[in-house]
Amino acid sequence: MESLLVSLTRSSIKELEQMDFRLKTVQVETKSPSPGPSDSSSEEEEMEYDSIKYTGQSAGLQLLDQELFKAKPYVRWPGRDDLVLQMMAHNELMVVRKDTNGSQETLDVGLSMRSSIFDNPTRKDIPITHSKVSASVASRMVSFYFSHLHPFLPIINRTRFLTHAHQPAILTNAILALSFRFASLYFPNLTENSQEHAGTYFRKVMHRLRDTARSRLCHVQAAILMTLYLDLDDGDVESIQWCTLGSAIRMAQDLGLHRSATHWKLPPAEIETRHRIFYACYILDRWMGARAGKPLTILDRDFDTAMPSAYEGDQGPIYQPFILLIKLSEILGRVLKALYAPNSKNSNRNAGLDDPTIRVVFDRRLRLWKESLEDAVGGVYMTQSQKTNLQVFYYTVVMLLHRPFVVTQELFPDMQSIVEESRHTCTEAATNLSKLVRQKALLVDDPESFSSMCLPTFFVYALFQSSLVHLSNARHDRTQPDRLFRLHQAVDLVREHKHIGPASRALDILTMLITLHDLAPGGTVKIEETENRIISQSQQSHPPAGFSQVNEMPKAHWFQRMINTSIVGGITPDIHHDVATAMLPTDPYGFPLYNRPIDPNYVPQAPSAFTAFTIENPTLPPSSLNWADWDLYLDQQSLGASATNSLTSAIGTHIHHAP
């Protein structure tokens, strides 16, 4: 109470006693009104409550030790007098910054590597050039776009764009803006004044998008390209980028891109372009949501757009990496909704799910996705550069899946084997990611090696997540010097890419965490030795001592958990056996309850055990008012109830006769 009075009155208890706990009157000198707000000195306006920016937990900052905030209400950012951290409920971090003159405070909830709250307020404006781009330079930059940027998100019909003389001006300007900007960062000798030209074309496109009265396909394409452009900007543009992508998604839905156009009476090339544009929005929605810790805009149940083709004319399956990135993004989106959404626990509980079950399903789906990298499409295999780029995204999703079990291990006191297994998987993913990034530097001559640089913030986000995994390991066990060494090797890798987008901010956050947790560099362990040891352990047929087999997870009453397709995306037939085995009943030590083969009637076959995951028998009622759909749904529910009763009876009989 005393601290509250002191805070509210800005007076000491002794001063309040002398005034008989009455507020002293402040004499205000009367002055003529001055331009601008006259009450700018009021307390409410000293705090910028209307500009609070929220960053969710998938952004990565969940590693602050709660003990740091028990001795005092806030922790000062190391080396900064104007920045403090305060821990709120639900492990949410508030960042408070006081301006240098002490007159204004800025608040943010959460802290991501793109947060600008700890940046200097000065911003470098790109100069505008009025010099015209020659036709030859423009043609060269368009060719540069299609060779280096287009394969990542192939949202433009290349044949039509290159063969038709008249194209929408907004689309041409968007291509030039992105090409000049990308060249200014990674190919500075390609053309002169590339950064200035990029800024000029960018302003033209954004001005045209603001004045749009009716959605057009070229507007969606331009908005997507400007989302990529803003990802190349290291300034405080996260909100602009988020809103630009949101505009692209809303325009896409306005044009019906969320509906499959396969049977529409449109030219095949037009149908394919619509599908590709929608899935480009889908990919960006998921990865931007993960990086910024924000909700998804596109829900999986809200669209039925057919998967695009991997082929481009007679060039073969050149867009197979795009198809695989769509599939990986689908898994990422479901991981975010199942493990990181604010109300995910309640939703999972209502669906009869728990976090370990979700972990098993997604782990199997990710492994199958990774195996598909080696598959040939039309007899053509992906190049090493393509696989390397995709694996950077893959290992990021793996870390996001397993990180909640490592960071919040106190929530699983009875499942320490799961926690340790997730820690091992995260460490393996982080180590493999570091090796991939180092190998990637050897592939610079291949234009496809720059695909991950089309979204530099996500590349840095992967490095950032890798560093956080090693930081968590170093905090968990300070007695192993190799863990501390790997942490600083991961941080050094971020430092090597400091010139890329938000890498400098990510480095500041990592330095802050290392300082607060007293994890100074030390040790002489070589990185090659630690990496080879981790990878060799992962290749063993049995996990290291102290780890449980994935298929020995305790799952009592597993038959009651009919997993909701809206959460995990369904258990496809190729992983039915793995998931069913992982969910078998075990004793507290992880061994199966029965020492003899289980009766076939006890373990249902895939069609009956997982009918809830097939399209023919959905768990959710139809979202439409079509009575035919409802009749089918009600019939399936009655059949499902009969099957469940038979299954329960068979299990009860088996348990009754079990020795």
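Criteria and cut-off values
- Residues numbered from 1 in each chain as written.
- Predicted model: local features only at pLDDT ≥ 70, side-chain atom pairs only at ≥ 80, totals over all residues.
- Heavy atoms only, no water.
- Helix = DSSP H or I, 4+ residues; strand = E, 2+ residues; numbered from the N terminus.
- Contact = heavy atoms within 4.5 Å.
- Polar contact = N/O pair within 3.5 Å; in protein donor to acceptor, adjacent residues only side chain to side chain.
- Pairing = 2+ DSSP bridges.
- Axes fitted to C-alpha atoms, helices over the stretch in contact; angles between N-to-C directions.
- Parallel < 35°, antiparallel > 145°, perpendicular 65-115°, else oblique.
- Left-handed = near helix turned anticlockwise from the far one by under 90°.
- Nonpolar A, V, L, I, M, F, W, Y, C, P; charged D, E, K, R; others polar.
- Buried < 20%, exposed > 50% of the residue type's maximum accessible area, 1.4 Å probe, protein only.
- Salt bridge = Lys/Arg side-chain N within 4 Å of Asp/Glu carboxyl O.
- Core = buried A, V, L, I, M, F, W, Y, C linked by side-chain atoms within 4.5 Å.
- Expected span 1.5 Å × (residues − 1).

Please set out the environment of Ile323 residue by residue, giving values where relevant.
Along the chain, Ile323 falls in helix H11 (residues 320–339). For the pair formed by Ile323 and Ala310, sequence separation is 13 residues and the distance between their alpha carbons is 6.7 Å. Ignoring anything within four residues of it in the chain, the contact list for Ile323 reads Met307, Pro308, Ser309 and Ala310.

Which residues make up the side chain of Arg334, and what values go with them?
Here Arg334 lies in helix H11. Here the side chain of Arg334 touches Glu330 through a polar contact of 2.3 Å, side chain to side chain.

An account of the sheet that holds strand S4 (residues 93–98) is needed here, citing residue identities and associated values.
Consider a sheet: its strands pair through backbone hydrogen bonds, and that pairing is either parallel or antiparallel. Spatially, S1-S5-S4-S3-S2 is the arrangement adopted by the five strands of the open sheet, whose pairing is mixed. Bordering the open sheet on either side are strand S1 (53–54) and strand S2 (75–76), each of which pairs with just one other strand. Sheet topology note: the strand S3 (residues 83–87)/S4 ladder contains five bridges and is antiparallel. Bridge pairing links Gln86 to Met94 in S4.

Before we move on, could you go through the packing of helix H15 (residues 416–440) against helix H17 (residues 481–496) and cite the residues and values that matter?
It is at 11 Å that the axes of H15 and H17 come closest, and there the two elements cross at 40°. With respect to H17, the axis of H15 lies oblique. The handedness of the crossing between H15 and H17 is left-handed. Together, Thr427, Ser434, Val437 and Arg438 of H15 and Arg486, Gln489 and Leu493 of H17 make up the contact between the two elements. In terms of residue class, the contact of H15 with H17 is built from two nonpolar, three polar and two charged.

Go over unusual backbone geometry with me, naming the residues and quoting the values.
Most peptide bonds take the trans configuration, and most residues that are not glycine carry a negative phi. With a phi angle near 55°, Asn193 is a residue other than glycine that sits in the positive phi range. Relative to the helices and strands, Asn193 is located in the loop between helix H6 (169–186) and helix H7 (194–210). Residue Asn193 is classed as partly exposed on the basis of its relative accessible area, which comes to 43%.

An account of the pattern of salt bridges is needed here, citing residue identities and associated values.
Pairing is possible between side chains of opposite charge, provided their charged atoms come close. Tallied over the entire structure, the rule returns 20 salt bridges. The salt bridge involving Arg291 is made with Asp231; its shortest N-O contact spans 3.2 Å. Here Asp231 lies in helix H8 (residues 217–231) and Arg291 lies in helix H10 (residues 268–292), a separation of 60 residues in the sequence. An identical accessibility class is assigned to Arg291 and Asp231; each is buried. One salt bridge connects Asp482 with Arg486, and the closest N-O pair in it is separated by 3.3 Å.

Explain the nonpolar core to me, and be specific about the residues and the numbers.
When a protein is soluble and globular, its nonpolar side chains tend to lie buried together. Formed by 146 residues in total, the largest nonpolar core has its most connected members in Leu153, Ile224 and Leu225. If one sorts the elements of this core by residue count, H11 sits on top with twelve residues. Ranked by size, the runner-up nonpolar core spans five residues in total, among them Val84, Met94, Val96 and Val109.

An account of the pairing of S4 is requested, with residue identities and associated values reported.
Burial analysis of S4 places five of its six residues in the buried class, which makes it a mostly covered element. Where S3 folds back onto S4 in an antiparallel hairpin, the turn is made up of five residues, including His90, whose phi is positive at roughly 60°.

Give me H10: which residues, what numbers.
Residues that lie three or four places apart on an α-helix share one face, since the helix turns once every 3.6 residues. For H10, with 25 residues, the first-to-last C-alpha span of 36 Å sits near the 36 Å given by 1.5 Å per residue. With respect to burial, H10 is a largely interior element, 23 of its 25 residues being buried. After H10 finishes, the residue Gly293 shows a positive phi value of roughly 65°.

Give me the side chain of Thr55: which residues, what numbers.
In this fold, Thr55 is placed in the loop between S1 and S2. Relative accessible area serves as the criterion here: at 4%, Thr55 is assigned to the buried category. Once you skip the residues sitting within four places of it in the chain, Thr55 turns out to touch Val109, Gly110, Leu111, Ser112, Ala292 and Gly293.

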